[in-house]
Number of protein chains: 2
Amino acid sequence: MEIQFAKRFDGISGSAIRDIFKLLTNPAIISFAGGNPANTALESDVISRLALKVLAQNGTQLLQYGQTEGYAPLRESAAEFFRHNGVDAKPEELLPVTGSQQALDLICKALIDPGDTMLVESPTFLGALQTFKLYQANLVPVETDEDGVIPELLEEKIKRHHPKLIYLIPTFQNPTGRTLTLERRKQVAQIVAKYGVMLIEDDPYRDLRYAGEPLPAIKSFDESGRVLYCNSFSKIISPGLRTAAVVCTDPTMMRKLVIGKQSTDVHSPNLNQAIVDAYLREGILMEHIRIISESYGKQMSKMQQMLATFPASVKYTRPDGGIFLWCELPEGFNATDLLKTATQMGVAYIPGTHFYTQPGTHHNTMRLNFSNATLENIEKGMNIFKELFISEGLR
Amino acid sequence: MEIQFAKRFDGISGSAIRDIFKLLTNPAIISFAGGNPANTALESDVISRLALKVLAQNGTQLLQYGQTEGYAPLRESAAEFFRHNGVDAKPEELLPVTGSQQALDLICKALIDPGDTMLVESPTFLGALQTFKLYQANLVPVETDEDGVIPELLEEKIKRHHPKLIYLIPTFQNPTGRTLTLERRKQVAQIVAKYGVMLIEDDPYRDLRYAGEPLPAIKSFDESGRVLYCNSFSKIISPGLRTAAVVCTDPTMMRKLVIGKQSTDVHSPNLNQAIVDAYLREGILMEHIRIISESYGKQMSKMQQMLATFPASVKYTRPDGGIFLWCELPEGFNATDLLKTATQMGVAYIPGTHFYTQPGTHHNTMRLNFSNATLENIEKGMNIFKELFISEGLR
């Protein structure tokens, strides 16, 4: 007898990316495929010191069961930290979660029945797409341009499809690196208020800015309580600690998130929340962000300099921050097919097709990560790409 | 416009228990309501030392993104540890999770469509019931006696209801403290194999044994791969670390659990997994279990001694371990109604009604936790109960 799995797994294989990452277990391969911070950005010594400090101060409480609502001091310090993004939330409007991915899962749990429509930027983060698919959402893409999602198209699709939920990454978007303009942020906030649609604003990259001025979050223009603001400490402190938070200013919605979280993992680990809280309270995060941004900015410039030496038919984005660039090869080139040869030559990326709601399209696109590669490897890896693409006929 | 929530939240309030725990913020109240280890069982110094050790050895890897499949050394050490339960799993058959609650969530995610039937012991763990309800399962109770679930009734209900999944806590059950006999364990393994039904064996209390001989897990008799064995380090090391594991010997099922976990929280925090791994590898867990079991055993005896002074119309279970006793007052007594007065008098419990699939029944039952109360407070608290019940007419 075969096990009969739930319908939500129909058509979910999870295999495409998995196979890519399997290829990467070879340490000789230069990987632009992941979304990892640089290993040098991870401060074992600081985290050790903070772990010791919080366990000495408060060990019994941290090792005991905690509140589903989160470690109270972190709700305060994270709310305070988010204020520089224009997000003015009270501690009780902030729910610590086990990485932003959990926020996506809990928001879907609260809102999405099978068949409900969600609007997503096209292209968008593949991990989010997988979560939404497991909730059997009907995913409708919304076109983007250099300035992010196009508000007029967003409104048109809301009117046509009556979505329950919209998913946007407005700053240094994954996978494109693009940033929604100030004017569009205001428009999006107005649109969701007008139609009463919930919006996930996923904002993990905003503090990694290497040029230009910070823009306020869409949430800062939200008076309707419809914007769910997700931010994470994964890219700026440590992804392995799995500590993020979602701001939800609608108390009924917050209650559903908490009940969902209770039934999902009871609460996020206290020690991890306390370490991040101590990090924030020591006031050392902005300086750490400055230091890693300086490196990441150089890595991004190097990757762009290398792309500038490619034939002009290769298009790529020019973000002011984040950890990704997005490349478009001329039509006819297939980044999905070329991946195997690329990894054999010693370099990897993620084919862009995985970032679209309809798989099997946009095979000429690819996502490149620069945060986890040295300047030397960026130069080396990009030269391998150039060689490969030119040997495939790129002009 | 009101937010339209997903149908899975219809009828889910999460409020009953929440209100009880709100009452307990008063530290003067003696609480038999939770399921917490004793604060004195939580070793801040050991955890500090291990955190320092693993971060010094392996900090960068622990702070970086990890594998959804879990921290490889923990998969080994936990598989080794589970062997003393008769569960002989390979590391790749073991998935570390963020507390056993997450195992329940992921198993339902893999298997349960709305309306699918699940069989559960009656009564059973209320946190599990909430997870199952959020997956819109049709919950069918199976009667239990002093020796746990009754295999003949289990088989009869399988034939009648064609369940997708069965949920059992065979050792020192929550809420009753009862243990399934060896003979019944074998029968249950045979029944699930015969009908091809998946079974969750939730086994967090097994190592807290104060009398009698350990029994092998149901999983040890499972040749069909249908038994999903969940065990947790929450009750024996620390609940705040949120580290547990599920053993799944069917590779297709394991794949669904991993994909579900990836979309739920990417992976459990590495630091926490590494701390538990180091704890296991240092070989200090069995001695720690011996020490806490000595205390908990005395606390259980004290609570039973106090119950022995109650009028004989009060029935209670006499487990060989775990952290709970289950009481039945004579028909007509309402533990749900009496809770408010009890907390005003300074003592709390969980009304038994919350452990049944049909709320509003079995109001004469209650669950008492003894692991998180001193001998003095157990005496004091139980005397308050006796006074209260006698003043309510108990004879």
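Residues numbered from 1 in each chain as written. Chains lettered and ligands numbered in written order. Predicted model: local features only at pLDDT ≥ 70, side-chain atom pairs only at ≥ 80, totals over all residues. Heavy atoms only, no water.

All names here are of chain B. For the pair helix α4 (residues 100-111) and helix α5 (residues 126-134), the least separation of the axes is 10 Å and the interaxial angle reads 25 degrees. Classified by the interaxial angle, the pair formed by α4 and α5 is roughly parallel. Remark: the crossing between α4 and α5 carries right-handed chirality. Counted together, Gln 101, Leu 104, Asp 105 and Cys 108 of α4 and Gly 127, Ala 128, Thr 131 and Phe 132 of α5 form the full contact between these two elements. Looking at the contact of α4 with α5 residue by residue, the class counts come to four nonpolar, three polar and one charged. (Axes fitted to C-alpha atoms, helices over the stretch in contact; angles between N-to-C directions. Helix = DSSP H or I, 4+ residues; strand = E, 2+ residues; numbered from the N terminus. Parallel < 35°, antiparallel > 145°, perpendicular 65-115°, else oblique. Left-handed = near helix turned anticlockwise from the far one by under 90°. Contact = heavy atoms within 4.5 Å. Nonpolar A, V, L, I, M, F, W, Y, C, P; charged D, E, K, R; others polar.)

All names here are of chain A. The mixed open sheet is built from eight strands, whose spatial order is β2-β9-β8-β7-β6-β3-β4-β5. The open sheet is flanked by β2 (94-97) and β5 (148-149), the only strands paired with a single partner. Pairing of strand β6 (residues 165-168) with strand β7 (residues 198-202), which is carried by four bridges, proceeds in the parallel orientation. Of the residues in β7, the one forming a bridge with Ile 166 is Leu 199. Sheet strands in contact with helix α3 (residues 72-82) are β2, β8 (227-232) and β9 (244-247), and its direction is about 110 degrees off that of β2. (Pairing = 2+ DSSP bridges.)

Moving on: the packing of aromatic side chains. Tallying each qualifying case throughout the model produces 24 aromatic pairs over all chains. The rings of Phe32(A), Phe310(A), Tyr349(A), Phe385(A) and Phe389(A) are connected pair by pair, giving a single aromatic cluster. In this structure, Lys256(A) is placed above the aromatic ring of Phe5(B), and the distance from its NZ or CZ to the ring centre is 5.0 Å. Taking the ring centre of Tyr316(B) as reference, the NZ or CZ of Arg318(B) above it sits at 4.1 Å. (Phe/Tyr/Trp six-rings, centres within 6.5 Å; stacked < 30°, edge-to-face > 60°. Lys NZ or Arg CZ within 6 Å of the ring centre and 35° of its normal.)

This paragraph deals with the sheet that holds strand β14 (residues 365-369) of chain B. Strand pairing in a sheet takes place through backbone hydrogen bonds and is either antiparallel or parallel in direction. Residue and element names in this part refer to chain B. Here we have four strands laid out as an open sheet, ordered β10-β11-β14-β13, and antiparallel in their pairing. Strands at the two margins of the open sheet, each flanked by one partner only, are β10 (315-316) and β13 (350-351). Judged from the two bridges that link them, β10 and strand β11 (residues 324-328) form a sheet pairing that is antiparallel. Note that in β11 the partner of Lys 315 across the bridge is Glu 328.

What follows concerns empty space enclosed by the protein. On inspection of all chains with the given rule, the structure shows three cavities of 30 Å³ or more. The calculated volume of the largest cavity comes to roughly 110 Å³. Surrounding the largest cavity, Arg8(A), Lys109(A), Pro114(A), Leu134(A), Tyr135(A), Gln136(A), Arg8(B), Ile112(B), Pro114(B), Leu134(B), Tyr135(B) and Gln136(B) form its lining. Here the residues of the lining of the largest cavity are counted per class, giving seven nonpolar, two polar and three charged. Counted as a void, the second largest cavity has a volume near 40 Å³. (1 Å grid on protein atoms, 1.4 Å probe; cavity = no way out; pocket = protein on both sides within 12 Å on 5 of 7 lines; lining within 4 Å. Points joined across faces, edges and corners; volume = space filled by probe spheres on them.)

Counting 205 residues, the largest nonpolar core has Phe132(A), Met253(A), Phe132(B), Met253(B) and Phe385(B) as its most contacted members. Not counting residues up to four positions away in its chain, the partners in contact with Met253(A) are Ile107(A), Ala110(A), Leu111(A), Met198(A), Leu228(A), Cys248(A), Ile3(B) and Phe5(B). If you look at the next biggest cluster of nonpolar residues, it comprises 39 residues, including Ile29(A), Ile30(A), Ala335(A) and Ile350(A). (Core = buried A, V, L, I, M, F, W, Y, C linked by side-chain atoms within 4.5 Å. Buried < 20%, exposed > 50% of the residue type's maximum accessible area, 1.4 Å probe, protein only.)

This part covers the environment of Gln4(A). Mapped onto the elements of the fold, Gln4(A) is located in the segment before α1 (15-23). Setting aside its immediate chain neighbours within four residues, Gln4(A) contacts Leu111(B) and Lys164(B).

Our focus in this paragraph is the relation of the copies chain A and chain B. Between the two copies of the chain lies a rotation about an axis combined with a shift along it. Superposition record for chain A on chain B: RMSD 0.0 Å, screw rotation 180 degrees, translation along axis 0.0 Å. When the rotation and shift are considered jointly, the pair of chain copies conforms to a two-fold rotation axis. Interface residue correspondence from chain A to chain B reaches 100%, placing this contact among same-surface, isologous pairings. (Least-squares fit on C-alpha atoms with pLDDT ≥ 70 in both.)

The next point concerns the interface of chain A and chain B. How big an interface is tends to be stated in terms of the accessible area lost upon association of its parts. Each partner contributes to the interface: chain A provides 81 residues, whereas chain B provides 82 residues. Each partner contributes to the roughly 6700 Å² buried at the junction of chain A and chain B, and carbon and sulfur atoms together form 57% of this total. Linking chain A to chain B there are four salt bridges. Between Lys109(B) and Asp105(A) there is a salt bridge, and its shortest N-O distance comes to 2.6 Å. One can count 43 residue pairs in polar contact (both at pLDDT 80 or more) joining chain A with chain B. Mapped onto the side of chain A that touches chain B, the elements with two or more residues apiece are α1, α2 (44-63), α4 (100-111), α5 (126-134), α7 (182-195), α8 (251-265) and α9 (270-281) of chain A. A per-element tally of the side of chain A that touches chain B places α8(A) first, with 11 residues. (Buried area = accessible area lost by both parts, 1.4 Å probe. Salt bridge = Lys/Arg side-chain N within 4 Å of Asp/Glu carboxyl O. Polar contact = N/O pair within 3.5 Å; in protein donor to acceptor, adjacent residues only side chain to side chain.)

Attention shifts here to the domain arrangement of chain A. Residue and element names in this part refer to chain A. If you check the domain split of chain A, you get domain 1 (7-42 + 286-391) and domain 2 (44-281). If you average the C-alpha positions of domain 1 and of domain 2, the two centres end up 24 Å apart. With 34 residues of domain 1 at the interface, the matching set in domain 2 holds 37 residues. The largest share of the area that domain 1 buries against domain 2 comes from Asp 320, Phe 355 and Thr 357, three residues that together contribute 22% of it. For the pair domain 1 and domain 2, the interface holds one salt bridge. Connecting domain 1 to domain 2 are 10 residue pairs in polar contact (both at pLDDT 80 or more). At eight residues, helix α10 (residues 285-308) tops the list of elements feeding residues into the side of domain 1 that touches domain 2. (Domains from an automatic or database assignment.)

Now for the pattern of salt bridges. Residues and elements named next belong to chain A. Enumeration according to the criterion identifies 44 salt bridges over all chains in this entry. Here Glu 76 makes a salt bridge to Arg 281, at a shortest N to O gap of 3.2 Å. Linking Glu 76 in helix α3 with Arg 281 in helix α9, this pair joins segments that are 205 residues apart in sequence. Its salt-bridge partner being Lys 302, residue Glu 379 comes within 3.2 Å of it at the nearest N-O pair. Here Glu 379 is found in helix α12 (residues 375-391), whereas its partner Lys 302 is found in helix α10, with 77 residues between them in sequence. A network of salt bridges, in which partner residues are shared, links Arg 49, Lys 53 and Glu 282.

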